[in-house]
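# Residue-level structural notes
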Amino acid sequence: MTRYSAAEIEPKWQEAWDEAGIFQARRDEAKPKYYVLEMFPYPSGRIHIGHVRNYTMGDVVARYKRATGHNVLHPMGFDAFGMPAENAAMANGGHPKDWTYSNIDTMVGQMKPLGFSLDWTRMFATCDPEYYGQQQALFLDFLEKGLVYRKNAVVNWDPVDMTVLANEQVEDGRGWRSGALVERRELTQWFFKISDYSDELLSALDTLDQWPAKVKTMQANWIGKSRGLQFAFGLIDAPHGFDRVEVYTTRPDTLMGASFVGISPDHPLAKELEKANPEVAAFCEKARQGGTTEEAIEKAEKLGFDTGLKVRHPFDTAWELPVYIANFILMDYGTGAIFGCPGHDERDHEFATKYGLPIIDTFLPVDGDHDIQSAPFVPAKSEKVRYTRLIAGAEIQTGEEAVNAAVDFCEKNGVGHGVTKFRLRDWGLSRQRYWGCPIPVVHCDACGVVPEKKENLPVQLPDDVSFDIPGNPLDRHPTWRDCACPSCGAPAKRETDTMDTFVDSSWYFARFTAPRADTPTVKEDAEYWMNVDQYIGGIEHAILHLLYSRFFARAMHITGHLPDSAKEPFDALFTQGMVTHAIYQTKGKDGRPVYHYPEDVDLRDGKGFLTDGTEVEIIPSAKMSKSKNNVVDPVAIISQYGADTARWFVLSDSPPERDVEWTAAGAEAASKHLARVWRLAAELDDTPENEAEDTALLREMHKAINDVTGGIDSFGFNASIAKLYGFTNTIAKSKAGAVAKRMALKTLAQLMSPMTPHLSEEVWAILGGEGLIAEAPWPVADEVMLVDDTVTLPIQVNGKRRGEITVPKDMDKAEVEKLALADEGVLRTLDGAQPKKVIVVPGRIVNVVM
RNA sequence: GCCUGCGUGGUGGAAUGGUAGACACAGGAGACUUAAAAUCUCUAGGCCGAAAGGCCGUGCCGGUUCGAAUCCGGCCGCAGGUACCA
């Protein structure tokens, strides 16, 4: 070989690793274990550059940990259930199963050439009956322990297609296929009791010291612990059985600013009024229109309906407040009823202004005024304010203090009681869809809801289904539903709801420890491999997936499937940024957006055109998403430059946690650099030794070991790569002898090996390294070689740099000050003036203040 | 709407209280070559200046500090999440 050829060396070394079987994980008590896991992909069809970035990061960690003596588990699988497979079946015919497994084949075929150090023998897809059967077993165990139950909850209902829609399928309040106005409709659904663990899931965040602070903050806010007052307003002239309206408020201190009571359209009182009053019924119907997302509800126009009913204010029985039905109050939150305080709440202010309700202040800025009529006064709860209509506590106090005082006061006076509530709701897992894990229960006329027997698991999905009409094919399957009641044996019907795909991804990390076992986990394997030492995935999973997994680990512990120590299953978390790309969109005949692949769009002068000349609308920087067609296929880069170049390239430049707008500029340069490293090794001559040059090179080598290792340890792969560029330049320019250079190059190959494993093996072999570099121990920096004797200090005058001095590392402050004041640039700037003060920060800087 | 981040040259980015722009891309100049490719060398934030040097500069406005890209307050823009996309 006369030049670097990725095509020649990469398959060769992949074979060598395979033959040595070094990536197959086996329990070995003699070594510390290390479990590194990247969030497994959805099999959308082809891998995209974001996957390459994600899995390369994981592979760097896996290879580095292997080199530092760890017994590494690094598995891969597929999150294979979900809507896109059904959408594909609807759009193009075919079966979700075929579509999914064929995608998995393609993606595995694309991943293997990248040379990831994965234990492929552990691979599974969540749609394998072997996997989801064990998930059904978990479900039954959870059910037995009271962790699962049924209740009503709202879904997006498409009244034309007569089907439940996912939030994604609701566009501007209308069904994506029918175009009909979506309504919120109640359905009986299965729930996990995650809310029982709210407090624990919140407080345990403090123990996750290797998680990003932002993820913990997001989860804490999501769980949303609040202290408030629950009390009842007495209704005047209420319908029979409705003499009270129970409300919950986090701001009881503003009770004297109340101007109305609002109830949800799904509140029992609203439903009662609806029966007798067609006007109420019409309003409630309108109020139920639109999707179920928090965003849709919050952003919708605030609508209210005055029921004509009044309640008495608890502290002034002569004070009557009107009762409104309002579309922004959800039955799922709190009690489904609120009191409105327009003076100190944006939403209530908007509502009061619209319906001409009074706006009353209860507190104002400590010194100053605030025009409460034109805008609400909403300071942070921690800020001190001056109360004008005080319930309890000091006149001037923080909102927080006032809330506590008000709760105490109300309790003493028999107006309700203080309660702690959480925003976190129970996890609805029912999906009215085919391509998911069947919920293993049976509905029997005599026995009710009966769990399926474990020996009958898995409850398998039937293959003979069609997607030509909307709705759940399991509901209309002629025979699949029919079964015998596991309890009494009478004919019964299977549950046709399947599980949310978040269930599938909430325990796959545990399954990887024993992927073929005939129980969900195996004690010895779970105890040995858990926890995941390093979990790596997208920030988009910061809340739901991670919170659900934390709950699941607890539930699996309770049901005996995970040890107590695995209740927090991910020791360290790293959230890598997303790879974003512009979306190219045109409008179809029906006015709906049509998305175009980047490779089909010509960019000229900031505008994009299709091959037929049509201009496309460019939506900048969005998460790569199959449904938006803004994905970039890495195959072109891999086939042109090889896997190592692709790996090196996705790690260079951008810090791993940051989002990157994808651009292929620079792949060429990455490839050139790898070729250069290869050439340095291949063309190593036999220059005789030269002590000064050799030592200088070896010093740089130890610094490189130190810096590159530090970069990998802290997920600063871009920083490691910058150092590796620098070290390569140093070697190339060095006049050192062949012995020192060989040592430096072998070290360079090792330091690069987590990123560019194939090239590193090749260079290692060329230089006569022993065995596989993948099995060589990681180099260790010699502390002595890292220390420089002198240091260059910048000298500032009034914070502006005017010169620099080079001094011995440990020179004392007074001496440094003297030299600094003698500096030419300093003297020129001082221009004879006496410095007022000189600040010397040893080893860092000198600042002269004049 | 709400929660969480992010914003630095033509571009990706470095610097987490101490020399702003490391390293790299694109650019410019040059060497080698008949030529090209490959490789190598130099250059490079903006403005003024022949140079020495000076002034300005990290989304915008203000503050703290001897010193702020970094800390604090307000604003603008972008991204992620918002419980049925995964």
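Numbers given to residues run from 1 along each chain, matching the order in which its sequence is written. Lettering of chains starts at A and numbering of ligands starts at 1, both following the order in which they are written. For a predicted model such as this one, the threshold for reporting local features is a pLDDT of at least 70, and the threshold for listing and counting side-chain atom pairs is 80 or more; totals across whole chains, interfaces and linings nevertheless cover every residue. Only heavy atoms go into the side-chain values, all of them from the structure, while hydrogens and water stay out.

This paragraph deals with helix α20 (residues 667-682). Elements are defined by DSSP. Helices are runs of H or I of four residues or more, strands are runs of E of two residues or more, and each kind is numbered from the N terminus. Multiplying one less than the number of residues by 1.5 Å gives the expected span of a helix. Taking 1.5 Å as the rise per residue, α20 with 16 residues should run 22 Å; its terminal C-alpha atoms sit 23 Å apart, in good agreement. Two residues qualify as a contact provided that any one of their heavy atoms is within 4.5 Å of a heavy atom in the partner residue. Buried residues belonging to α20 abut α18 (635-641), α19 (643-651), α22 (717-733), α23 (738-752) and α24 (757-766).

Turning to the confidence of the model for chain A, a few remarks are in order. With 97% of its residues at a pLDDT of 70 or more, chain A shows a mean pLDDT of 91. Per the prediction output, this complex has pTM 0.93; the corresponding ipTM is 0.94. Across the chain, each position has a pLDDT score giving the predictor's confidence in that residue, from 0 to 100.

Moving on to the side chain of Thr-292. Its place among the elements puts Thr-292 in the loop between α9 (278-287) and α10 (294-299). Two N or O atoms count as a polar contact when they lie within 3.5 Å, although within protein this holds only if one can serve as hydrogen donor and the other as acceptor, and sequence-adjacent residues are included solely when both atoms are side-chain atoms. Reaching out from Thr-292, the side chain makes a polar contact with the side chain of Asn-167 at a distance of 3.1 Å. Beyond its immediate chain neighbours, meaning those up to four positions away, Thr-292 contacts Val-154, Val-155, Asn-156, Asn-167, Arg-184 and Ile-297.

With that settled, the discussion passes to the packing of aromatic side chains. Think of it this way: a Phe, Tyr or Trp ring, Trp meaning its six-membered ring, pairs with another when their centres are within 6.5 Å, and the plane angle makes it stacked under 30 degrees, edge-to-face over 60, tilted otherwise. Evaluated as defined, the whole model comprises 45 aromatic pairs. On the numbers, 5.0 Å between centres and 80° between planes, the contact of Tyr-64 with Trp-778 is edge-to-face. With Tyr-64 in helix α2 (residues 49-67) and Trp-778 in the loop between α24 and α25 (783-786), the pair connects residues that are 714 residues apart, well separated along the chain. Buried means the residue's accessible area, taken with a 1.4 Å probe over protein chains only, is under 20% of the maximum for its type, while exposed means over 50%, and partly exposed covers the values in between. According to the relative accessible area criterion, Tyr-64 is buried, its value standing at 7%. With centroids separated by 5.0 Å and ring planes inclined at 65°, the aromatic side chains of Phe-142 and Phe-552 adopt a geometry described as edge-to-face.

Any two strands with at least two DSSP-identified bridges between them are counted as paired. The four strands lie next to each other as β34-β33-β36-β35, forming an open sheet whose pairing is mixed. The two strands at the open ends of the sheet, each matched to only one other strand, are β34 (800-808) and β35 (837-841). Along the sheet, successive strands turn relative to each other by an average axial angle of 20°, direction set aside. By the bridge criterion, three bridges tie strand β33 (residues 790-797) to strand β36 (residues 845-849) in an arrangement that is parallel. Pairing of Ile-795 across the sheet is with Val-846, part of β36. Contacts between helix α26 (residues 813-821) and the sheet are confined to β33, β34, β35 and β36, with β35 contributing the most and set at about 120° to the helix. Lines fitted to the C-alpha atoms define the axes, with helices restricted to the stretch that makes contact. Angles between their N-to-C directions range from 0 to 180 degrees.

Near RNA strand B you find 67 residues, and of these Asp-79, Asn-167, Glu-294, Arg-433 and Asn-847 are the closest. Among the atoms of RNA strand B lying within 4 Å of the protein, the sugar-phosphate backbone contributes 65%. A distance of 2.9 Å separates a base nitrogen of RNA strand B from a polar backbone atom of Arg-423. Ten residue types, Ala, Val, Leu, Ile, Met, Phe, Trp, Tyr, Cys and Pro, are classed as nonpolar, four, Asp, Glu, Lys and Arg, as charged, and the remainder, Gly among them, as polar. Grouping the amino acids of the surface near RNA strand B by side-chain chemistry returns 23 nonpolar, 18 polar and 26 charged. When at least one non-hydrogen atom of a residue lies within 4 Å of a molecule or strand, that residue is treated as near it.

Turning next to the sheet that holds strand β20 (residues 441-444). Across a sheet, strands are paired by hydrogen bonds formed along the backbone, either parallel or antiparallel in direction. With antiparallel pairing, four strands are arranged side by side in an open sheet as β21-β20-β23-β22. Each of the sheet's edge strands pairs with one partner strand only, and the pair in question is β21 (448-451) and β22 (482-484). Pairs of neighbouring strands in the sheet enclose a mean axial angle of 45°, with direction left out of account. Where β22 lies against strand β23 (residues 491-494), three bridges are found, and the strand directions are antiparallel. What sits directly across from Cys-483, in β23, is Ala-492.

Looking now at the pattern of salt bridges. Salt bridge, as used here, is a side-chain nitrogen of Lys or Arg placed within 4 Å of a carboxyl oxygen of Asp or Glu. In this structure the tally under the stated criterion is 34 salt bridges. In this structure, Asp-525 engages Arg-27 in a salt bridge whose closest nitrogen and oxygen atoms are separated by 2.8 Å. You can see Asp-525 sitting in helix α16 (residues 523-529) and its partner Arg-27 sitting in the loop between α1 (6-20) and β1 (33-38), a full 498 residues away along the chain. Classification of Asp-525 by relative accessible area gives buried; the value is 15%.

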